[in-house]
Amino acid sequence: MNIFQKLTEKPWEPSSDAMAAAVATGPTSQIDARKLMLNIFLAIVSVLFLLIFATFITHSQYPGFESLAGEPWKPFADTTNLWLNTLWLTLSSVAMHTGLVKARRGISGHALIAMVLAIFFAVQFVLAQLWLWRDLSGMGYTLPSNPANSYFYLMTGVHALHLIGGLVVVLRSTFLLWRGGALERIQNSLKLCATYWHYLLGLWLVLFFLLTRSPETYRAIAIACGLG
Amino acid sequence: MTHVAIADQEEETHHHPTSFVAKYVWSQDHKVIAVQYSIIAIFVGVVALILSGFMRLQLGFPDTFSCINPNTYLQFMTMHGMIMVIYLLTALLLGGFGNYLIPLMVGTRDMVFPYLNMLSVWFYFVSVLVLLASFFVSGGPTGAGWTLYPPQTILPGTPGNEWGIILMIASLAIFIVAFTMGGLNYVTTILQARTHGMTLMRMPLTLWGIFIASMMGLLAFPALLVSAIMMALDLLAGTSFFMPTLVSLGDSVDHEGGSPLLFQHLFWFFGHPEVYIVALPAFGMVSDVLATHARKNIFGYRMMVWALVIIGALSFAVWAHHMFVSGMNLIFGFFFATTTLIIAVPTAIKVYNWVLTLWQGNIKLTPPMLFAIGFVFTFTHGGLSGLFLGNVIVDVPLADTYFVVAHFHMVMGVSTVMVLFAAIYHWYPLVTGRMLHEGMARLHFWMTFLGAYAVFLPMHYLGFLGVPRRYFAMGDTAFMPESAHTLNASISIFALVLMLIQTVFIFNLIWSLKRGPKAGHNPWGATSLEWQTPQVPPGHGNWGDKLPVVHRWAYDFSVPNAKEDCIPQNVPKGADETHHDGSGEHSEGKTV
């Protein structure tokens, strides 16, 4: 029964449709509830970042906004460091997915190794981001020196906070795996962790794209979004 | 894989608190959490009410009370607005009523994530503590107005621009975390834990209101969080997200390139849906109170549901009508005026349906019903003045006057509070097992209803005169006749009476806990599930050994040929009615 049919049901009529709909209802499992909660949470995080993106693009059209790329002397003219950081997060995401696949096949030992690697790569990513912050600050691109820099630190900072928050849950799931808890529960937990991790990788790629564009690209995006 | 469905879990698998602390402090029971939310919200609401009393004393009798100066006036105004909108109304409607009613109305034992629910109320408590702490720090609370517009929020000259604003931002951030934990629970529980037979369209409108409002809150509060984080960085780290280049008190500030307008957009992207986050649960609850006490099914149930959904969606596309005087592009103004007026359509549908529910009903003028009917009046009046302000050309001259104060207090303050009172009088017997004292309740209603009109109706007139809002004192202004000053004094006297009468309500709440007549089972003859629990008040786990099964919608009142004038949702078809085939005899919006 699709959502349209659900919302056009006539609950005051004891018709066969209404009865059929009622038979199909009932509480779902705790696992489905967790999955739904994660999906709603990801929607909330998406709204949070979309709003930051909208203000970023609007701000990019104000005088005095010095983008971090677009000219040879700008810090993100060379994006090698950013690609390296992307590699860490990608490896983390791949490792976590491997962990999930192994756990589903019941190979707990391999799953545990994959999860530990996922945590290691994620921590590497956070450290590499901090390194990037240090480099930029050292070059004079400090948090308050220009709105473009402020947005860079804001977006990467909020992204890193979400990753660190996720790490707490991943550590818990890995601990359960290590202790040899109920496999079904661990699999479901790893599935949610992997979904969150892939989402954060996707989000990072969007941030990467957005932060390394030239003023002309920002102008084009602003016009396309009606913000120019 | 076999999973145990949430609501199918056996009673014994649910946590059974044994100690006092586990039962009443760190409780994971949704009913205890609801009461905790409600007590904190009502307490902080009383603080905000007292602050408004101080403001009215100053406005009605200028230069009489030395304890109120321009700075404290602005601080009281800011705290009054913020507390009432967020820490009272949002928390009480969703945290209080949402928590209590969702699991009972959907027929489950508790929220899907009880631990998260417990964390939610304690985060809320901390947010209130942080907010109230700002009264005791150097400089006092922020006096920037509840909208916290930069740059003046941060600049010297605005009271509380040091610690006050920091605590306000911190408190809001903690509140948002609390709300997110609660909101995720409300939405997930409604979508995943409904008992057998409870289709979406069999849910009482209270649940629909809470569901849509929770979804809106989850998607709107991030805007407030983003603006709070960015403002905190402007304030503490010297960034320029919102702070432009300017000279303040003769000195150039260290910021450059920020845009205060961006803050306004972000704030109102949250702020306008917030109006409906508060209003939609109220819409839902008042629908159920009206139907129950008029012994009649709600008129146009499906239309009521769709109207809630449409209002929820449209409310994200009207935010800039709060910014008509910010110098925005005229085309934007036209767009937002149009969307604002369109939202009046589903809202009007709801008002018509409430009135048509009463039409030819067997109306019982019980205290909850009185407040519910009072709501229909105040909401219609507040909504009509909204049509004035939704038009750019009318809004521009009225935007900074008392007309706006009158409008939003009628539509969002008085109306919602009327529903809150209706809901408390309606569900108090379920929560406590006792009825509230009827005489005190009736006195409370009439004094509140008439008092609210005596306070807010004259403000429309003051607004037309051009009396500006937010001012500490009007002084000797040529355009204000003497009658306006007299009117201001009378408003203040009525406001104080209105405040005092609330003590009768609080007294009634406490007095009736022990001395109120025993409510018994389902005293109002309601059909929804929360009244069908084996025990009243519902025990831990709500439903005893077996969960209820739903066989019908929540509005089977006065069904033709039925033995009783209401058939609860968990009564099987045919069990309590001798003839009810649904072939037009008992259709949507019409009971024959």
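Residues numbered from 1 in each chain as written. Chains lettered and ligands numbered in written order. Predicted model: local features only at pLDDT ≥ 70, side-chain atom pairs only at ≥ 80, totals over all residues. Heavy atoms only, no water.

1. So, the overall build of chain B
Step number 1: Within chain B, the regular secondary structure consists of 15 helices and 4 strands.
Step number 2: A compact globule built from 592 residues should have a C-alpha radius of gyration of about 25 Å, and chain B, at 24 Å, falls within 12% of that.
Step number 3: If you take every contact in chain B between residues at least 6 apart in sequence, the share linking residues at least 24 apart comes to 78%.
Step number 4: Accessible surface for chain B amounts to roughly 21600 Å². Of this, 69% is attributable to carbon and sulfur atoms.
Step number 5: Here chain B carries 23 positive and 29 negative side-chain charges, and the mean point of each set is 12 Å from the other. (Helix = DSSP H or I, 4+ residues; strand = E, 2+ residues; numbered from the N terminus. Rg over C-alpha atoms; globule rule 2.2 N^0.38 Å. Contact = heavy atoms within 4.5 Å. Areas by Shrake-Rupley, 256 points an atom, 1.4 Å probe, with all protein chains shown as cover. Lys, Arg positive; Asp, Glu negative; His and termini not counted. Charge placed at Lys NZ, Arg CZ, Asp CG, Glu CD.)

2. Description of the pattern of salt bridges
All names here are of chain B.
Step number 1: Under the criterion given, the structure shown has 5 salt bridges over all chains.
Step number 2: Salt-bridge contacts for aspartate 29 lead to lysine 31; the nearest nitrogen and oxygen are separated by 3.2 Å.
Step number 3: Take aspartate 29: its relative accessible area is 6%, and that puts it in the buried class.
Step number 4: The closest approach of N and O atoms between aspartate 400 and arginine 470, which form a salt bridge, is 2.9 Å. Highlighted residues: aspartate 400 in the loop between helix 12 (392–398) and helix 13 (402–432) and arginine 470 in the loop between helix 14 (438–465) and helix 15 (482–515), separated in sequence by 70 residues.
Step number 5: The exposure class assigned to arginine 470 is partly exposed, which follows from its relative accessible area of 41%. (Salt bridge = Lys/Arg side-chain N within 4 Å of Asp/Glu carboxyl O. Buried < 20%, exposed > 50% of the residue type's maximum accessible area, 1.4 Å probe, protein only.)

3. Here we look at the packing of aromatic side chains
Residues and elements named next belong to chain B.
Step number 1: Scanning the entire structure with this criterion turns up 63 aromatic pairs over all chains.
Step number 2: Measuring from centroid to centroid gives 5.9 Å for tyrosine 124 and phenylalanine 175, while their planes differ by 75°, and the two rings are edge-to-face. One end of the pair, tyrosine 124, is in helix 4 (residues 114–133); the other, phenylalanine 175, is in helix 5 (residues 163–192), with 51 residues separating them in the sequence. The same class applies to tyrosine 124 as to phenylalanine 175, namely buried. (Phe/Tyr/Trp six-rings, centres within 6.5 Å; stacked < 30°, edge-to-face > 60°.)

4. Remarks on the interface of chain A and chain B
Step number 1: At the interface, 46 residues of chain A touch 62 residues of chain B.
Step number 2: Here chain A meets chain B over a buried area of about 4500 Å², counting both sides, of which 72% is carbon and sulfur.
Step number 3: By the criterion of area lost to chain B, the three top residues of chain A are Leu7, Trp12 and Pro27 of chain A, representing 16% of everything that side buries.
Step number 4: At the surface where chain A touches chain B, the tally comes to 0 salt bridges.
Step number 5: Between the two partners, chain A and chain B, sit 8 residue pairs in polar contact (both at pLDDT 80 or more). (Buried area = accessible area lost by both parts, 1.4 Å probe. Polar contact = N/O pair within 3.5 Å; in protein donor to acceptor, adjacent residues only side chain to side chain.)

5. Focus: the nonpolar core
Proteins that are soluble and globular tend to have nonpolar side chains buried together.
Step number 1: Membership of the largest hydrophobic core comes to 258 residues, with the highest contact counts inside it found for Tyr151 of chain A together with Tyr87, Tyr124, Trp208, Tyr301 and Trp354 of chain B.
Step number 2: The biggest single contributor to this core is helix 3 (residues 70–106) of chain B, with 23 residues. (Core = buried A, V, L, I, M, F, W, Y, C linked by side-chain atoms within 4.5 Å.)

6. Structural notes on the environment of proline 346 of chain B
All names here are of chain B.
Step number 1: The topology assignment puts proline 346 in helix 10 (residues 344–358).
Step number 2: Distance from proline 346 to alanine 307, taken between C-alpha atoms, is 4.9 Å for residues 39 residues apart in sequence.
Step number 3: Residues within four places of proline 346 in sequence aside, it is in contact with Ala307, Ile310 and Ile311.

7. Description of helix 6 (residues 147–179) of chain A
All names here are of chain A.
Step number 1: Compared with an ideal rise of 1.5 Å per residue, which puts 33 residues at 48 Å, helix 6 spans 48 Å between its outermost C-alpha atoms and is within 8% of the ideal.
Step number 2: Its side-chain oxygen placed 2.9 Å from the backbone nitrogen of alanine 148, asparagine 146 serves as the N-cap of helix 6.
Step number 3: Looking one or two residues beyond helix 6, the residue adopting positive phi is glycine 180, at roughly 75°. (Expected span 1.5 Å × (residues − 1).)

8. Let's talk about helix 9 (residues 330–342) of chain B
Residue and element names in this part refer to chain B.
Step number 1: Given a rise of 1.5 Å per residue, 13 residues ought to cover 18 Å, and the 18 Å separating the end C-alpha atoms of helix 9 matches this to within 8%.
Step number 2: Within the sequence span of helix 9, burial applies to Gly333, Phe336, Ala337, Thr339 and Thr340. Buried residues of helix 9, seen end-on, are gathered within an arc of 165° and therefore sit on one face of the element. Along helix 9, exposed side chains directed more than 90 degrees from the buried face belong to Ile331 and Phe334.
Step number 3: Where the residues of helix 9 are buried, they touch helix 10, helix 11 (367–390) and helix 12. (Arc of directions from axis to C-beta.)

9. Points about the side chain of threonine 347 of chain B
All names here are of chain B.
Step number 1: Its place among the elements puts threonine 347 in helix 10.
Step number 2: Classification of threonine 347 by relative accessible area gives buried; the value is 11%.
Step number 3: Within the structure, the side chain of threonine 347 is placed 2.7 Å from the backbone oxygen of isoleucine 343, a separation counted as a polar contact.
Step number 4: Dropping the residues within four chain positions of it, threonine 347 is found in contact with Phe283, Ile311 and Phe379.

10. Considerations on the packing of helix 3 (residues 30–60) of chain A against helix 7 (residues 260–293) of chain B
Step number 1: Between helix 3 of chain A and helix 7 of chain B, whose axes approach to 11 Å, the crossing angle comes to 160°. Relative to helix 7 of chain B, the element helix 3 of chain A lies roughly antiparallel. The interaxial crossing formed by helix 3 of chain A with helix 7 of chain B has right-handed handedness. Taken together, the residues of helix 7 of chain B that come into contact with helix 3 of chain A (itself represented by Leu51, Thr55, Thr58 and His59 of chain A) are Leu262, Leu266 and Phe269 of chain B.
Step number 2: Of the residues that constitute the contact of helix 3 of chain A with helix 7 of chain B, the class distribution is 4 nonpolar, 3 polar and no charged. (Axes fitted to C-alpha atoms, helices over the stretch in contact; angles between N-to-C directions. Parallel < 35°, antiparallel > 145°, perpendicular 65-115°, else oblique. Left-handed = near helix turned anticlockwise from the far one by under 90°. Nonpolar A, V, L, I, M, F, W, Y, C, P; charged D, E, K, R; others polar.)

11. Concerning the packing of helix 3 of chain A against helix 6 (residues 205–236) of chain B
Step number 1: Where helix 3 of chain A contacts helix 6 of chain B, the axes come no closer than 9 Å and their chain directions differ by 45°. When the axis of helix 3 of chain A is compared with that of helix 6 of chain B, the two are oblique. For the pair helix 3 of chain A and helix 6 of chain B, the sense of crossing is right-handed. Packed against helix 3 of chain A, whose contacting residues are Ile40, Ala43, Ile44, Val47, Leu48, Leu51, Ile52 and Thr55 of chain A, the element helix 6 of chain B presents Leu218, Leu219, Pro222, Ala223, Leu225, Val226 and Met230 of chain B at the interface.
Step number 2: Taken together, the residues that form the contact of helix 3 of chain A with helix 6 of chain B break down as 14 nonpolar, 1 polar and no charged.

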